[in-house]
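# Coordinate analysis (summary)
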Amino acid sequence: MGDIHDDVSRIEALFRSVLSTADSVEALQGVRVRFLGKKGEVTSLLKQLGSLPDDERPEAGRVLNELRDSMERSLAEKTRQYAGAQVTAREREEWIDVTLPGRGRPWGAFHPVAQVTQEAIDIFVSMGFSVAYGPEVEDDFHNFEGLNIPPHHPARDMQDTFYLENGLLLRTHTSPVEVRSMRKWGAPLRIIVPGKVFRRDSDQTHTPMFHQLEGLLVDENISLAHLKGCLEAFVNRIFGRPLKARYRGSYFPFTEPSIEMDVECVACSGRDPGCRICKGTGWLEISGLGMTHPNVIRAGGIDPVRYNGFAWGMGLDRIAMLKYGLNDLRVFFEGDLAFLNSKGERR
Amino acid sequence: MFASLNWLKELVDIPVDTPMLAQRLTDTGVEVEGLEVPVALFRGAVTARVVSIAIHPGRPDLFVLTVDAGKRKGVCVTAARNLEGGDVVPWGPPGCVLADGTEISCRDFQGVTSEGMVLSAEEIGLPGIADEYGILRMGEGFTPGEDARAALGLDDTVLELSITPDRGDLLSMVGLAREVSALFPEARYKGITPAIQPRASRLDGFEGITLTDSGCPFYALGALEGVNIKPSPMRARVRLLLSGMRPISNVVDATNLVMLLVGQPLHAFDDARLPGRDITVRLAREGEMILTLDGKTRVLDGEDLLITSGGKPVAVAGVMGGEESEISGDTTRVLLESAHFDSIKVSRASRKLGIPSEAAYRFSRFVDPCKAETALAVAMEMMASWGAGVPSGWIAAGEAAQKERKVALTSKVLGKIIGTGDLDMATAILERLGISTGDHDPSVRHYSIPSFRPDISIEEDLIEEVARIRGYDKVAAELPPVMHATGDITDRMRAERAVRSTAMARGYSEVVTYCFVSPQSIAALRFPGPDPRSSPVALSNPLSVDMSVLRTTLVPGLVQAVLKNISSGWRRAIRIFETGMVFFRRGREVEEVFKLGGCVCTGVDSRSPWGDQGTEDFHSVAADIEAIFASRGVAVDLVPGSEPFGHAGKTARVLADGRDVGYLSALKPEIESEMELPAPVFLFELDMGPLVHDGKATFGEVRKYPPVFRDISLVVKEGVYSSDVLALIRELGGPLLEEVRLFDIYKGKGIPEGHRSLAYTLAYRDPERTLRDDEVDQVQGRLRDQLAQRGIRLR
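Residues numbered from 1 in each chain as written. Chains lettered and ligands numbered in written order. Predicted model: local features only at pLDDT ≥ 70, side-chain atom pairs only at ≥ 80, totals over all residues. Heavy atoms only, no water.

### Regarding the overall build of chain A
The test is simple: Think of it this way: any DSSP run of H or I at least four residues long counts as a helix, any run of E at least two long counts as a strand, and we number them from the N terminus. Here the globule rule reads 2.2 Å times residues to the power 0.38, and the radius of gyration is calculated from C-alpha atoms. For the exposure calls, accessible area comes from a 1.4 Å probe over protein chains only, and a residue counts as buried if that area is under 20% of its type's maximum, exposed if over 50%, partly exposed in between. In this description, contact between two residues means that some pair of their heavy atoms is separated by no more than 4.5 Å. Using the Shrake-Rupley algorithm and a 1.4 Å probe, accessible areas are obtained, with residue cover drawn only from the displayed protein chains. In this tally, Asp and Glu contribute negative charge and Lys and Arg positive charge; neither His nor the terminal groups of the chain are included. Note that the charge is assigned to NZ on lysines, CZ on arginines, CG on aspartates and CD on glutamates.
Secondary structure assignment for chain A yields 12 helices and nine strands. For a compact globule of 347 residues, the expected C-alpha radius of gyration is about 20 Å, and chain A comes in at 39 Å, more than 25% above that figure. When burial is assessed residue by residue, chain A has 54% of its 347 residues classed as buried. Summarising the internal contacts of chain A: among those between residues at least 6 apart in sequence, 66% fall at separations of at least 24. When the accessible surface of chain A is summed, it comes to about 15,900 Å², and 49% of that surface belongs to carbon and sulfur atoms. Averaging the positions of the 43 positive and the 48 negative side-chain charges in chain A gives two centres separated by 2 Å.

In structure tokens form, the structure reads like this:
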């Protein structure tokens, strides 16, 4: 017998190499027999211990026993791994159909307009606007007169109004909240007003109730550039990409100048003359806006010489239609689950 | 409004092509909604004179015509009976295409070949220009051999314009021409100059005009004698039709054409049929009546402005004339009214009486008083040139001229809004609009506002004019520089978002239903009289009875949505929720209450691989309510309660921190079957108010010592509420009792009839030390004794 340490190193290296290629419980059993069996490599070395001189025997015994223990541990560990992959009778008995639908309720669904409203609000909040609310039942002053629309003004024809008893009415726009908020908070002011509005109108693209997002900024030295800046930032975020915008002259009694904002068609970008979304014009009306009329600032109890501002109103239902590629507004108010739960389904 | 491009070109030189014109108009505030070539398909027809007419040799119902179109002659067969030799008619030779796209060819009529056909107004696509049955006789002013499209004035483009209510001046061709000239510096405005100069004189035999109300500051009448009512010239009829109006007769058409041209509405009275020899403009008397020319009797009130003659109403000022003095076929003398009426008076009367006439539309949007006399002159000249009558006099009352108005524009404010305060640039633009100044100061200038622009009264109005003509694209976008405070969604919206997320995570879909519902849908819920939900606020002008009252509860909308789903084939469970306002009458006001409503039903097909675990019941919905409130840190309790539409045994009031915030209820079985709903249907409706303030402000202390559990089973009568038993256990359990939880309900063997067993697990804990079993046993024993003393049987 040569140097015991040489033998141990050799056997250990061999064992590691054989072990690494063993890939089943059976193969591991083979490894055990080869090294630790009755005629195994380690066993035969152990048998030779007796022939060693007395002074070498204890040290050689210790080294060999250590080797044997280390091999046992390695084999046991690896055996446990492979044995775990084996199916026991108990497991076979306890089989279930894992493909069954999950128990309990499926995920519900947000209303598309509510979803768009939330996204729109978050965008404007990031620009410093805070949410304000106002009543859905309004009086003539807040809905019309305070917004520079006196009785019998032809601008009242622009919005067919639902009237209630005692001179009350259902607000035709979210603009009444402008005056209410100015009176409550004064200037400087940045508010957005989401809410339901009501007009006496009903067809594929008009429902007697719909949703608007009004915005108002009042501060010193506010310009058209700021109005464009806020609205373009909003449009680009809500539709997820920069869109070309254009501005057209318009008329609202409560803004001066008054402007219509169009953005490039989200469906065809103006490239499809037969586009159903933009009717081939390449543009989509997105918002009516303008610099707040001094009379309205005054009605809000703010000094129109020191302060000025801008306001806008946009239809959230329309933005939802554009964002989700819908063409009938009426489905928003029918509570049709097949529709509401279809978001994410391929069209 | 429809505007003929050819007509516009008579009034202004337009230096750009039509798409460019449309674009520029749209950008500056006159939206061009459409560009249409009239009867676009019709082509290839020529004007031709009928040379001879003979009866078809084999077909006595047909005529054989020879027609002469100058260079070309032809033979046509027609069934029309209205032709005479010498008439000029449109002839469609072979190859001509009719308005409906039909191509004309030669056709044999029993041996006579018709070379195309002579055409009716309908075949041309303009039935409105016909004044008789048969072939279109074009009348005077047409020579044979012209292209029929060009001759009739159809080689035109009609602009469909949307005019905003502030720009009444653009409801006329003259106004549009002026606007176009301002849009293009190279454009030249030609306008109109009537040959007859407006000059008020007297009117023989006429007593005079009396104006008694400030609503009519000026009133003029022009007289025509020898009136011969007949159709207007063909081109005038075409022009009216292209402008969206219907030709009627020469006198009426002339008033309409002048209104379209100048913007001033005119009214023609049959002089012979006026009841008096005077005109008085006054306010109507309450209840006074007039038969308007649409054949309806109108009842007036004291604010309506009335034109009277001989004391009798003859027209509602600026709205509509009376039938009794209307122009008819035998009118021989005409009095033509051109007046200024107050826009608010006319607007009010027009809306109230429901007469949206062209005249009222224009007066409501302000008509330039300075145009009244010009319009009268143009109309009389037009009628004279058509041979409709001979102008014979002119009379006027009141004052048409307006006070000069000036508005200042400062460089500072202009610069603030549009980024440049260059007043020279502003002046150049404004002058093209007819807004002039003699000032040259670089910091402030005063501009004279012409009478046709009543919409301009403050500096900002001038800025809008400059900004829109200069182009909004010239202003570069930029975020507002100073943010004084961070934006906030507010507690109310935080509550809404938490509620919506929780509901959705628990399988509910969000619906939005109309705030107006049918009164029946509320009555169906059987609210007793004193319940405020029984008397909803009604709309004065609902679209339909189904949308005629404001909801006092979210239930009708939710139920409607459930029914809609079932009818459109949704078979699985339905879980929907809505957040929104309900409305109550409070004195003269309407109170809005913010509610969360939900509806759950198992649906038509409740089968599930999980058996009963897959279906909904009262308690599964109760858990949703608990979760929704927990999402805002608010604890809820359900206590026995009732709702008029609720199942008597399955209705609970929901208490949030002890306050009643609504109900959870199974719908009354009777209502379920009435509404054909698949039972059971669960409804809840809760105030959002308590959720607005987040209750999750603090956590409890960390518990260091373990609890000790003991169970207890009690036998109680059916009808005894678990929550009452639980409250009793809590009351009697002593200070160490930390939590009580119901874990089993049992009926059957071993339990007497009419009773049930409720099993609770109790957790005892001392925050200061570990409890020993024997002391817990002692406490538990005492509890059992006390429960027994109260007559509760222990199992």
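After presenting the structure, the write-up continues.
### Comments concerning the overall build of chain B
Scanning chain B from N- to C-terminus turns up 21 helices and 38 strands. Split into buried and exposed, the 795 residues of chain B put 53% on the buried side. The long-range fraction of contacts in chain B, counting pairs at least 24 apart against all pairs at least 6 apart in sequence, stands at 69%. Accessible surface for chain B amounts to roughly 35,000 Å². Of this, 51% is attributable to carbon and sulfur atoms. With 89 positive and 111 negative side-chain charges, chain B shows a spacing of 4 Å between the two charge centroids.

### Description of the domain arrangement of chain B
All names here are of chain B. The line we're drawing: The split into domains, and so the bounds of each, comes from an automatic or database assignment of domains. The term buried area denotes the loss of accessible surface (1.4 Å probe radius) that occurs when two parts are joined, taken as the sum for both partners. Just to be clear on terms, a salt bridge is a Lys or Arg side-chain nitrogen sitting within 4 Å of an Asp or Glu carboxyl oxygen. Any pair of nitrogen or oxygen atoms within 3.5 Å is treated as a polar contact; in protein, a donor-acceptor pairing is required on top of that, and neighbouring residues in sequence qualify only through side-chain atoms on both sides.
Once the domains are mapped, chain B shows domain 1 (2–38 + 157–189), domain 2 (46–152), domain 3 (208–398), domain 4 (405–473), domain 5 (491–692) and domain 6 (708–794). Each of domain 1 and domain 3 was reduced to a C-alpha centroid, and the two centroids are 27 Å apart. Facing the 14 residues of domain 1 at the interface are 15 residues of domain 3. Sorting the residues of domain 1 by area buried against domain 3 places Phe2, Trp7 and Leu171 first, and these three jointly supply 46% of that buried surface. A salt bridge links Arg239 to Glu10; its shortest N-O distance comes to 2.9 Å. Counting across the domain 1 and domain 3 interface gives five residue pairs in polar contact (both at pLDDT 80 or more). Mapped onto the side of domain 1 that touches domain 3, the elements with two or more residues apiece are helix 1 (5–11) and helix 5 (173–183). For the side of domain 1 that touches domain 3, the leading source of residues is helix 1, giving four residues.

### Remarks on the environment of Glu140(B)
Summarising the element assignment, Glu140(B) is placed in the loop between helix 3 (121–124) and helix 4 (148–152). On the basis of relative accessibility, which here comes to 77%, the residue Glu140(B) falls in the exposed class.

### Details of the interface of chain B and chain A
Where we set the bar: Following the grouping adopted for this structure description, the nonpolar residues are Ala, Val, Leu, Ile, Met, Phe, Trp, Tyr, Cys and Pro, the charged ones are Asp, Glu, Lys and Arg, and the polar ones are all others, Gly among them.
At the junction of the two partners, chain B supplies 94 residues and chain A supplies 92 residues. Carbon and sulfur atoms make up 59% of the surface buried where chain B meets chain A, a total of about 7,800 Å² over both sides. Interface area lost by chain B to chain A is led by Tyr472(B), Met504(B) and Val512(B), which between them contribute 9%. Linking chain B with chain A are six salt bridges. Put simply, Arg497(B) and Asp122(A) hold a salt bridge, and the shortest N to O gap is 2.9 Å. At nine residues, the largest contribution of residues to the side of chain B that touches chain A is made by helix 14 (residues 490–505) of chain B. Taken together, the residues of the side of chain B that touches chain A break down into 42 nonpolar, 24 polar and 28 charged.

### Focus on unusual backbone geometry
Backbone torsion omega between Ala187(A) and Pro188(A) reads -10 degrees, so that peptide bond is classified as cis. Across the junction of Ala679(B) and Pro680(B), the peptide omega takes the value -5 degrees, indicating a cis bond. At Ser269(A), a position not held by glycine, the phi torsion is positive, near 50 degrees. Relative to the assigned elements, Ser269(A) resides in the loop between strand 7 (255–264) and strand 8 (283–292). Look at Glu676(B): it is not a glycine, yet its phi comes out positive at around 55 degrees. Looking at the secondary structure, you find Glu676(B) in the loop between helix 18 (669–674) and strand 34 (681–687).

### Considering the side chain of Ser350(B)
All names here are of chain B. Relative to the helices and strands, Ser350 is located in helix 8 (residues 343–353). Using a relative accessible area of 11% as the deciding quantity, one classes Ser350 as buried. Excluding its chain neighbours within four sequence positions, the residues that come into contact with Ser350 are Val319, Ile355, Pro356 and Ala360.

### Quick word on empty space enclosed by the protein
Residue and element names in this part refer to chain B. Applied cut-off: Within this scheme a cavity is a closed region of a 1 Å grid, computed over the protein atoms alone, that accommodates a 1.4 Å probe without allowing it to escape, whereas a pocket is open but has protein on both sides within 12 Å along at least five of seven lines; lining residues each have an atom within 4 Å of a point. Grid points are joined across faces, edges and corners, and a volume is the space filled by probe spheres set on the points.
For the structure on display, the rule yields four cavities of 30 Å³ or more. Counted as a void, the largest cavity has a volume near 110 Å³. If you trace the largest cavity, you find 17 residues lining it, with Thr28, Gly29, Thr164, Arg167 and Arg468 closest to the centre. With three residues, the top contributor of residues to the lining of the largest cavity is helix 13 (residues 459–470). Considered class by class, the residues forming the lining of the largest cavity number four nonpolar, five polar and eight charged. In this structure, the second largest cavity occupies an estimated 90 Å³ of space. Considering the residues around the second largest cavity, the lining is formed by Gly168, Asp169, Leu171, Gly263, Arg362, Arg365, Phe366, Val367, Asp368, Lys371, Phe452 and Pro454. By residue class, the composition of the lining of the second largest cavity is five nonpolar, two polar and five charged. Here the lining of the second largest cavity spans two domains, and each of domain 1 (2–38 + 157–189) and domain 3 (208–398) adds at least three residues to it.

### Looking at the domain arrangement of chain A
The assigned domain composition of chain A is domain 1 (4–93) and domain 2 (112–340). Taking the mean C-alpha position of each, domain 1 of chain A and domain 2 of chain A sit 80 Å from one another.

### Side note on the sheet that holds strand 19 (residues 305–309) of chain B
Residue and element names in this part refer to chain B. Quick note on the threshold: We call two strands paired when DSSP finds no fewer than two bridges between them.
Pairing within the open sheet is mixed, and its five strands lie in the order 13-16-19-20-21. Each edge of the sheet is formed by a strand with only one pairing partner; in this case those strands are strand 13 (208–211) and strand 21 (320–321). Two strands pair when backbone bridges link them, and strand 16 (residues 278–283) and strand 19 are joined in this way by four bridges, in the antiparallel orientation. If you follow Thr280 over to strand 19, its bridge partner there is Thr308.

### As for helix 16 (residues 555–567) of chain B
Residue and element names in this part refer to chain B. As a reminder of what qualifies: Each residue after the first adds 1.5 Å to the expected span of a helix.
Over its 13 residues, helix 16 extends 18 Å from the first C-alpha to the last, a length consistent with the 18 Å expected when each residue adds 1.5 Å. Taken as a whole, helix 16 has its buried residues at Val555, Pro556, Gly557, Leu558, Val559, Ala561, Val562 and Asn565. Just beyond helix 16, the residue with positive phi is Gly569, at close to 95 degrees.

### Considerations on the pattern of salt bridges
Residues and elements named next belong to chain B. As enumerated under the stated definition, the model contains 75 salt bridges over all chains in all. Among the salt bridges present, the one from Asp169 reaches Arg167, with a minimum N-O distance of 2.9 Å. One salt bridge in this structure joins Glu179 and Arg167, with 2.9 Å as the shortest N-O distance. Taken together, the positions of Glu179 in helix 5 and Arg167 in the loop between strand 11 (158–162) and helix 5 put the pair 12 residues apart, joining distant regions of the chain. Judged by its relative accessible area of 2%, Glu179 falls in the buried class. A single salt-bridge network, built from bridges that share partners, covers Arg167, Asp169, Glu179, Arg453, Asp455, Glu465 and Arg468.

### Some remarks on the sheet that holds strand 4 (residues 46–55) of chain B
Residue and element names in this part refer to chain B. With antiparallel pairing, five strands are arranged side by side in an open sheet as 6-5-4-7-10. The open sheet is flanked by strand 6 (72–78) and strand 10 (117–118), the only strands paired with a single partner. The pairing of strand 4 with strand 5 (residues 63–69) spans six bridges and is classified as antiparallel. Residue Ile53 lies in a different strand from strand 5, and its bridge partner there is Leu65.

### Quick notes on the side chain of Thr552(B)
Examined against the element boundaries, Thr552(B) turns out to sit in the loop between strand 28 (549–550) and helix 16. Setting aside residues up to four positions removed in sequence, Thr552(B) forms contacts with Ile522(B), Pro532(B), Arg533(B), Pro536(B), Val582(B), Phe583(B) and Phe584(B).

### Some details on the packing of helix 11 (residues 411–418) of chain B against helix 13 of chain B
Residue and element names in this part refer to chain B. Stated precisely, the cut-off is as follows: A fitted line through C-alpha atoms represents every axis, and for helices the fit uses only the stretch in contact; the resulting angles, taken between N-to-C directions, go from 0 to 180 degrees. Any angle that falls under 35 degrees is termed roughly parallel, while one over 145 is termed roughly antiparallel, one within 65 to 115 roughly perpendicular, and all others oblique. Left-handed is the label given to a crossing in which the near helix is rotated counterclockwise from the far helix by less than a right angle, and right-handed is the label when the rotation is clockwise.
Put simply, helix 11 and helix 13 touch, their axes get as near as 10 Å, and they point 50 degrees apart. Taken as axis vectors, helix 11 and helix 13 run oblique relative to one another. Along this stretch, helix 11 crosses helix 13, giving a crossing that reads as right-handed. Contacts from Val413, Leu414, Ile417 and Ile418 of helix 11 reach helix 13 at Glu459, Ile463, Val466, Ala467 and Arg470. For the contact of helix 11 with helix 13, a count of residues per class yields seven nonpolar, no polar and two charged.

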